[in-house]
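Remarks on the overall topology
Chain by chain, the residues run as shown.
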Amino acid sequence: MFNLPRLLLHSVAMAGNTGAPLLLRLVAASVSVAEKAGTIVRSVFDSGELGVVEKDGKNDLQTQADRSAQECIVQSLSRQFPKVTIIGEEEPTDETVDESHLVTGLSEEVLKAVCPQDLQSVKDEDVVVWVDPLDGTKEYTQGFLDHVTVLIGVAVKGKAVAGVINQPYYNYKAGPGATLGRTMWGIVGLGAFGVERLVPPADKRIVTTTRSHSNKLVTDSIEAMQPDEVLRVGGAGHKVLLVIEGKAHAYVFATPGCKKWDTCAPEAILHALGGKLTDIHGNALQYHKDVKHPNTGGVLATYSDHDWYLSRMPESVKEAVKP
């Protein structure tokens, strides 16, 4: 899928000499790579040279940060795990790889974890890595920096089982001296780290949904949930984090707007914490390498009461948004 330069022997050695299972090594590498990608995202913004281009209209943008962060993630992981399928949001380019963007390290925190029994024997050919190098690009260009995430999701035999989310601008409003950015990771059956599961308010219902891709289907589905408050924000990763951290009860997106690279990592982390992400019909999302990229059945993410939200989805919306 990607035209790679000659393998770096050092990076291959680092990925191959540890006795940890493949899945742990892949997540450990993804944590290190996501942190570097987050640094790239901040550096491009600070430069003021965003290099914005429209991919498919004004609501589907690409910046130099998208391109450079994807190069960092895809090239770094491909050199360490050359047999693993990696699918990124951005089209690969013929440009010479910037070696300063490449990462060879593995997160020691991840390598110390105990891999769930059912994932200890995962083979390269069973794995697909879904990459969104900059989720929330439009918001990034508009300065809504807390909406931005870097997403690396790991699927095994079509199921999202592990995810890494870097939030480059976490704490960016906290003032001088605050630690900028954070990285979260999780594996289904093990748990999630770097993020704390918080309970949303019990006295009201808060729903989060799209900020820039709304339509009548989205509006009708939101109204059917009878929310007391609606948080319209950018980025699928950001919206799932709102659910995880108790700022919203549900993420409702009843339209085929987002893609597999938007949901794989957040879904895995949410599931690792006991939550649930499906389409609006209650079907599990599939992440095989040959699957169509759009989530045509929409997205519903909750930590609890998932069936209640499914039951509230209007029939007219379900008829219009088919898996």
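Remember, it's a predicted structure, so these values are computed and weren't measured experimentally. Here the residue index of a chain counts from 1 through its sequence in written order. Given that the model is predicted, a residue must reach a pLDDT of at least 70 before its local features are reported, and side-chain atom pairs must reach 80 or more before they are shown or counted; all residues, however, enter totals for whole chains, interfaces and linings. Water and hydrogen atoms play no part in the side-chain values, which are based on all heavy atoms of the structure.

Take the overall build of the protein next. Looking only at helices and strands, the protein features 10 helices and 13 strands. Only the C-alpha atoms count toward the radius of gyration. The rule for a globule is 2.2 Å times the residue count to the power 0.38. By the compact-globule yardstick of 20 Å for 323 residues, the protein fits well, its C-alpha radius of gyration being 19 Å. Partly exposed describes any residue whose relative accessible area lies between the buried limit of under 20% and the exposed limit of over 50%, with all areas from a 1.4 Å probe on protein chains only and scaled to the type maximum. Here the protein holds 323 residues, and 55% of them are scored as buried. By the convention used here, residues are in contact when the closest approach between their heavy atoms is within 4.5 Å. Nonlocal contacts in the protein, meaning residues at least 24 apart in sequence, comprise 73% of its contacts between residues at least 6 apart. Computed with the Shrake-Rupley method and a 1.4 Å probe, the accessible areas treat only the protein chains shown as cover for residues. Put simply, the protein shows about 13,900 Å² of open surface, and 48% of that area lies on carbon and sulfur atoms. The convention is simple: Lys and Arg are positive, Asp and Glu are negative, and His and the chain ends are not counted. Taken as the charge centre is NZ of Lys, CZ of Arg, CG of Asp or CD of Glu, depending on the residue. Here the protein carries 32 positive and 40 negative side-chain charges, and the mean point of each set is 3 Å from the other. Numbering of helices and strands runs from the N terminus; a helix is a DSSP stretch of H or I covering at least four residues, while a strand is a stretch of E covering at least two.

This part takes up the pattern of salt bridges. One side-chain nitrogen of Lys or Arg within 4 Å of one carboxyl oxygen of Asp or Glu is enough to make a salt bridge. According to the stated counting rule, one finds 7 salt bridges in the structure shown. In this structure, Glu99 engages Arg79 in a salt bridge whose closest nitrogen and oxygen atoms are separated by 3.5 Å. Of this pair, Glu99 sits in the loop between strand S3 (85–88) and helix H4 (108–111) while Arg79 sits in helix H3 (residues 64–80), and the two are 20 residues apart along the sequence. Among the ionic pairs, Glu315 bridges to Lys318, the shortest N-O distance being 2.9 Å. With Glu315 and Lys318 both in helix H10 (residues 315–320) and 3 residues apart, the pair spans about one turn of that helix. Taking relative accessible area as the criterion, Lys318 reaches 18% and is therefore assigned buried.

What follows concerns the side chain of Ser32. Relative to the elements of secondary structure, Ser32 occurs in helix H2 (residues 22–47). Residue Ser32 is classed as buried on the basis of its relative accessible area of 16%. Within the local environment of Ser32, its side chain forms a polar contact with the backbone oxygen of Gly105, the two atoms lying 3.3 Å apart. The contact partners of Ser32, leaving out residues within four places of it in the chain, are Val103, Gly105, Leu106 and Ser107. In protein, a polar contact requires one atom able to donate a hydrogen and another able to accept it; more generally it is a pair of N or O atoms within 3.5 Å, and residues adjacent in sequence count only if both atoms are side-chain atoms.

Here Val131 shows up in strand S4 (residues 127–135). For the pair Val131 and Val164, spaced 33 residues apart in sequence, the C-alpha to C-alpha distance is 9.9 Å. Excluding its chain neighbours within four sequence positions, the residues that come into contact with Val131 are Gln70, Ile73, Ile86, Ile87, Gly88, Glu89, Leu151 and Trp261.

Let us now look at the packing of aromatic side chains. Centre distance within 6.5 Å is the pairing criterion for rings of Phe, Tyr and Trp, where only the six-membered ring of Trp is used; planes under 30 degrees apart are then read as stacked, over 60 as edge-to-face, and the remainder as tilted. Evaluated as defined, the whole model comprises 7 aromatic pairs. Ring geometry for Phe45 and Tyr169: centres 6.1 Å apart, planes at 70°, overall edge-to-face. Taken together, the residues span a long stretch of sequence, with Phe45 in helix H2 and Tyr169 in the loop between strand S6 (159–167) and strand S7 (182–187) at a distance of 124 residues. Classification of Tyr169 by relative accessible area gives buried; the value is 5%.

Honestly, it's all geometry; don't read function into it.
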